[in-house]
Amino acid sequence: MSDTAIPPHASGCPVAHGPLSSERTPTGCPVSERAAGFDPFEDGYQQDPPEYVRWAREKEPIFFSPKLGYWVITRYDDIKAVFRDNITFSPSNALEKITPTGDEANAVLASYGFALNRTLVNEDEPAHMPRRRVLMDPFTPEALKHHEPMVRELARSYVDRFIDDGKADLVDQMLWEIPLTVALHFLGVPEEDMDTLRKYSIAHTVNTWGRPKPEEQVAVAHAVGNFWQYAGKVLEKMRQDPDAPGWMQYGIRKQKLHPEVVTDSYLHSMMMAGIVAAHETTANATANAMKLLLQHPQVWRELCEDPGLIPNAVEECLRHNGSVAAWRRLVTRDTQVGGVDLPAGSRLLIVTSSANHDEAHFSDADLFDIRRDNASDHLTFGYGSHQCMGKNLARMEMQIFLEEFTRRLPHMRLSQQRFSYVPNTSFRGPEHLWVEWDPAANPERSSPKLRDVQVPVRIGEPSRHAIARPVVVERVTPVAEGIVKLRLVSPDGKPLPRWTAGSHIDVECGTPELSRQYSLCGDPDQAGVLEIAVLHEPEGRGGSAWVHAQVKAGDRLRIRGPRNHFRLDESLPKAIFVAGGIGITPVSAMARRAKALGMDYELHYSGRSRRRMAFLDELAALHGERLHVYARDEGRRCDLPALLAEPVAGAQVYACGPLRMLEALEGCCAAWPEGALRVEHFESTLATLDPAREHAFEVELKDSGLVVIVPPEQTLLSALRAANVDVQSDCEEGLCGSCEVRVLSGRVDHRDVVLTRSEREANNKMMACCSRACEGRLVLEL
Ligand code: HEM
Ligand code: FES
């Protein structure tokens, strides 16, 4: 045995192993001591899987675990690549017993005729996709709407039962039973035998993903066998009444049309596996979410104050502490992942909970941030053609539970306790979750109407529009005629997020519907403070008029962001900044940054008159001769064609101002290299969709295996959402770039203002909120 570290490649491995054990991988490579010690049934993994494999994520992202006989994959990109290719990485082992059982237990299972086989989650192609497509409709956001009142009523009545007690085990008293009831309703199963089912489904988890001791195996086998037989009986009952509501009855009806796609074996196996898929995952996810939120009392308070944050908080909880910690795949041909050779037959444990903490994908990944922009990129629901079909039902349930708790028990706190988990690799949630509160302080004792208030749920992926943060206006300063500067700070004294030059924020001007974008104009190095300047535009849509009429020092505002779609390339040899009127706001921050970097730059600033131009003194002091001011009433105009006549090697032009000026600049920069002109747009020139002038088109989704038709009256974004495909969005007007999707083939009719000409010509990405197909079909990497 050697205890010396070996350098990368010396062993044939692409990673630097730490000290080595005596074990070897099936490919003959040495196994590091940490890899040899990896044991997912240990308390360390059970308590915190991403922490338990941090060493791997950071240093040895793919390793072989001799104890488990699996290759373990820990990084986001590698795991997504595995999910993406369900032919090379077959899901057929997803429901296999991770710990093989002994002869006695196998005999018990056989005595019940146990034959759990392929469902959806463990079915290979070509059988899987046709079945998934046939069975998908009951999961679309539209079809899920009618389950919402039932989930709400359940949540309300369960909280009624314990709200006056001052303490509860949320798992035992609510979170276990409601998702089970919802699962049964969704599937169309009668509600009786809930307690028996509860025992059965735990047994199934231990049987599939756990490590029962030999003496436990027989008892587990009996429970699983009973569960199997029960599932068969229920299915028979359903066949007598196939028109009843429920996903299983839907499957029975589809079987008549497509008997080779929806087989008997599928129906029986799904009857059992479906309950577990829909029940435990959601129960555990909510218990994990409540534990996490109550462990962060400040975050919990913010959520109680602003329930609009709940949909994104649900995603962040699923990311930070999801209920499925790892999933499995089987390698069908010799291949490589992340540079590591994986021979055909290799079994993979893909630790999705570790991917969700990968710094390369989620900045400050361990931070629990319910306003995180890309929280819903988590892999807790898997990805691609097998991605969880029930994700939107689960999201809906979780939103309703959190809404109920934040509204009716905002003073709830976590009791002292040690959390225990059913030892297994995949399904994860505390077995008990004790919370306490003072019933005398229940808000509904003083306002009984609170009990019945409803906040609408959002079915599907959360919109970034909802992720608002409160700020306080510290100062309002007039900085030119018709322009005020607002200095914004956080209400609790903590610094506001850092920002970079060119960023903007969205300000809710009185109501969430009236949200306007304003560039940040202060000093990016001044941490914790945000400054914007707002020009009063009487002809505008009302945002600036509201700011000028209403906002005063001490007021609270709600903002979103900061976000940057107008980044300064800090490696440039030279930058030319062009600002017109209030367009000086982002440009002033960029020029300040260019100066701080010691970059060569010039700043050209035009306006109607000096009286109406903000920051003149400050800019003159900071930039001296680099600043060129053009006040029209002094007869000075910026001669853009002359200024930009000769392209400057390596330079870029950054411009913000009136549309006319930006359009003129396009012409002036025609001789400049592609991408040399960067402009910030705040107004969308996109017309709203006119169905009379649009045509329908098809998109083929490579990763999900679906074909979606986009009718003339719908955007690609909304057609994707209706088909249960998650795509992020923000502005939904082609301005921000957040709905970008990758295009594999087909010609795109680009309508956004985000992509440059060469990016459009490259034809490998598009904005789903506004762009369409020129003709025919597009193939997307989704
Ligand atoms: C598949 C997680 C809730 C039904 C999956 C997969 C995961 C998962 C990891 C495998 C994904 C893959 O292989 O790429 C979760 C989590 C849930 C949840 C974390 C709750 C928070 C539900 C619910 C239902 C459901 C409520 C049903 C009502 C399914 C089905 C599949 C699946 C049918 C198989 C899809 C296929 O292979 O085509 N889920 N699930 N899940 N889930 Fe969920
Ligand atoms: Fe902003 Fe599409 S959502 S560009």
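Thresholds applied
- Residues numbered from 1 in each chain as written.
- Chains lettered and ligands numbered in written order.
- Predicted model: local features only at pLDDT ≥ 70, side-chain atom pairs only at ≥ 80, totals over all residues.
- Heavy atoms only, no water.
- Helix = DSSP H or I, 4+ residues; strand = E, 2+ residues; numbered from the N terminus.
- Rg over C-alpha atoms; globule rule 2.2 N^0.38 Å.
- Buried < 20%, exposed > 50% of the residue type's maximum accessible area, 1.4 Å probe, protein only.
- Contact = heavy atoms within 4.5 Å.
- Areas by Shrake-Rupley, 256 points an atom, 1.4 Å probe, with all protein chains shown as cover.
- Arc of directions from axis to C-beta.
- Near = heavy atom within 4 Å.
- Polar contact = N/O pair within 3.5 Å; in protein donor to acceptor, adjacent residues only side chain to side chain.
- 1 Å grid on protein atoms, 1.4 Å probe; cavity = no way out; pocket = protein on both sides within 12 Å on 5 of 7 lines; lining within 4 Å.
- Sits in = over half its atoms within 2 Å of the grid points.
- Core = buried A, V, L, I, M, F, W, Y, C linked by side-chain atoms within 4.5 Å.
- Domains from an automatic or database assignment.
- Pairing = 2+ DSSP bridges.
- Axes fitted to C-alpha atoms, helices over the stretch in contact; angles between N-to-C directions.
- Donors = N, O, S within 2.8 Å, 3.2 Å for Na, K, Ca; no water.
- Salt bridge = Lys/Arg side-chain N within 4 Å of Asp/Glu carboxyl O.
- Phe/Tyr/Trp six-rings, centres within 6.5 Å; stacked < 30°, edge-to-face > 60°.
- Lys NZ or Arg CZ within 6 Å of the ring centre and 35° of its normal.
- pLDDT = per-residue confidence, 0-100.
- Buried area = accessible area lost by both parts, 1.4 Å probe.

Moving on to the overall build of the chain. The helix and strand tally for the chain stands at 27 helices and 30 strands. Radius of gyration (C-alpha) of the chain: 29 Å, near the 28 Å computed for a compact globule of 782 residues. Projected onto its principal axes, the C-alpha coordinates of the chain cover approximately 95 × 70 × 60 Å. Per-residue burial for the chain yields a buried fraction of 57% across its 782 residues. Partitioning the contacts of the chain with sequence separation of at least 6, the portion at a separation of at least 24 is 70%. Total accessible area computed for the chain in this model is approximately 32100 Å², and 50% of it derives from carbon and sulfur atoms.

What follows deals with helix H21 (residues 543-550). Looking only at H21, the buried set comprises Gly543, Ser544 and Val547. When H21 is viewed along its axis, its buried side chains cluster within an angular range of 95° and face the same direction. Contacts made by the buried residues of H21 are with strand E14 (483-489), strand E16 (515-519) and strand E17 (530-535).

Surrounding ligand 1, one finds 30 residues, the nearest of these being His128, Arg132, Arg329, His386 and Cys388. In the environment of ligand 1, an oxygen atom lies 3.3 Å from a nitrogen or oxygen atom belonging to the backbone of Tyr383. A distance of 2.7 Å separates an oxygen atom of ligand 1 from a polar side-chain atom of His386. Mapping ligand 1 onto the cavity grids shows that it belongs to the largest cavity. Those elements that place two or more of their residues in the shell around ligand 1 are helix H7 (128-135), helix H15 (264-295), strand E7 (327-331) and helix H19 (391-408). Here the shell around ligand 1 gets 6 residues from one element, more than from any other, and that element is H15.

Quick look at the nonpolar core now. Leu170, Met174, Trp247 and Phe405 are the most contacted members of the largest nonpolar core, which has 124 residues in total. A total of 15 residues in this core trace back to one element, the largest contributor, which is H15. Each of two domains, domain 1 (10-78) and domain 2 (103-452), supplies a minimum of three residues to this core. With residues near it in sequence (within four places) discarded, Trp247 still touches Leu120, Leu135, Pro138, Phe139, Phe186, Leu187, Gly188, Tyr266, Met270 and Met389. If you look at the next biggest cluster of nonpolar residues, it comprises 50 residues, including Val471, Ala480, Leu557 and Tyr605.

Moving on, we come to the sheet that holds strand E4 (residues 70-73). Read across the sheet, 5 strands follow the order E3-E4-E10-E7-E5 without closing on themselves; strand pairing throughout is mixed. The open sheet has two edge strands, strand E3 (62-65) and strand E5 (89-90), and neither has a second partner. Where E5 and E7 come together, 2 bridges link them in antiparallel fashion. Residue pairing across strands places Ser90 opposite Leu330, the latter belonging to E7. Here helix H5 (residues 76-84) sits on the sheet in contact with E3, E4, E5, E7 and strand E10 (347-350), set at roughly 125° to E10.

Turning next to the coordination of the iron atom of ligand 1. The protein gives the iron atom of ligand 1 a lone donor atom, Cys388 (SG), placed 2.3 Å from the metal. Looking at where Cys388 falls in the secondary structure, it is placed in the loop between helix H18 (352-355) and H19.

Moving on: the pattern of salt bridges. A full pass over the atoms with the stated rule returns 57 salt bridges. In this structure, Arg395 engages Asp726 in a salt bridge whose closest nitrogen and oxygen atoms are separated by 3.0 Å. Linking Arg395 in helix H19 with Asp726 in the loop between helix H26 (716-722) and strand E26 (740-745), this pair joins segments that are 331 residues apart in sequence. Residue class for Arg395 comes out buried when judged on its relative accessible area of 1%. When salt bridges that share partners are traced, they join Glu148, Arg152, Glu153, Arg156, Asp160, Glu403, Glu404, Arg407, Arg408, Glu444, Arg451 and Asp452 into one network.

On to the packing of aromatic side chains, then. Enumeration over the complete set of coordinates arrives at 16 aromatic pairs. Taking the centre distance of 4.9 Å and the plane angle of 40° together, the rings of Trp55 and Phe63 count as tilted. The class for Phe63 is buried, based on a relative accessible area of 1%. The ring of Tyr158 has Arg161 lying over it, and the distance from NZ or CZ to the ring centre is 4.0 Å. Taking the ring centre of Phe419 as reference, the NZ or CZ of Lys291 above it sits at 4.8 Å.

Let us now look at the side chain of Asn312. When you line up the elements, Asn312 lands in helix H17 (residues 310-321). Accessibility expressed as a relative area gives 5% for Asn312, which makes it buried. The residues touching Asn312, leaving out its near neighbours within four places in the chain, are Ile370, Arg371, Arg372, Ala375, Pro462 and Ile467.

The next thing to look at is unusual backbone geometry. Phi is mostly negative for residues that are not glycine, and the peptide bonds are mostly trans. With omega at 5°, the peptide bond leading from Glu125 into Pro126 counts as cis. Secondary-structure assignment places Pro126 in the loop between helix H6 (103-111) and H7. Of note, the amide linkage connecting Gly561 to Pro562 takes the cis form, showing an omega dihedral of 5°. Tracing the backbone shows Pro562 in strand E18 (residues 556-563). Positive phi values are uncommon outside glycine, yet Phe615 reaches one of about 65°. You can see Phe615 is positioned in the loop between strand E20 (600-607) and helix H23 (616-623). Note on Phe615: relative accessible area 7%, which makes it buried. In this model, Asn763 sits at a positive phi of 55°, which is unusual for a non-glycine residue. Following the sequence through the fold, Asn763 ends up in the loop between helix H27 (757-762) and strand E28 (765-767). Take Asn763: its relative accessible area is 21%, and that puts it in the partly exposed class.

Further remarks concern the confidence of the model for the chain. Per-residue pLDDT for the chain averages 90, and the proportion of residues at 70 or more is 96%. Note on residues 1-11: pLDDT under 50 across the span, and 24 contacts to partners over four residues away in sequence or across chains. Across the predicted assembly, pTM comes out at 0.81 and ipTM at 0.98.

Take the domain arrangement of the chain next. According to the domain assignment, the chain consists of domain 1 (10-78), domain 2 (103-452), domain 3 (472-563), domain 4 (574-680) and domain 5 (691-780). Once you take the C-alpha centre of each, domain 1 and domain 2 turn out to be 28 Å apart. If you look at the interface, domain 1 gives 27 residues, while domain 2 gives 37 residues. The junction of domain 1 with domain 2 conceals about 2900 Å² of combined surface from both sides, 59% of it contributed by carbon and sulfur atoms. On the surface where domain 1 and domain 2 come into contact, there are 2 salt bridges. For the pair domain 1 and domain 2, the interface holds 20 residue pairs in polar contact (both at pLDDT 80 or more). Those elements that place two or more of their residues in the side of domain 1 that touches domain 2 are helix H2 (43-47), helix H3 (49-52), helix H4 (54-59), E4 and H5.

Among the secondary structure elements, His681 is positioned in the loop between strand E23 (677-679) and strand E24 (697-701). In this structure His681 comes out as buried when scored by relative accessible area, which is 17%. In this view, His681 contacts Leu659, Leu662, Leu735 and Val753; residues no more than four positions away in its chain are not counted.

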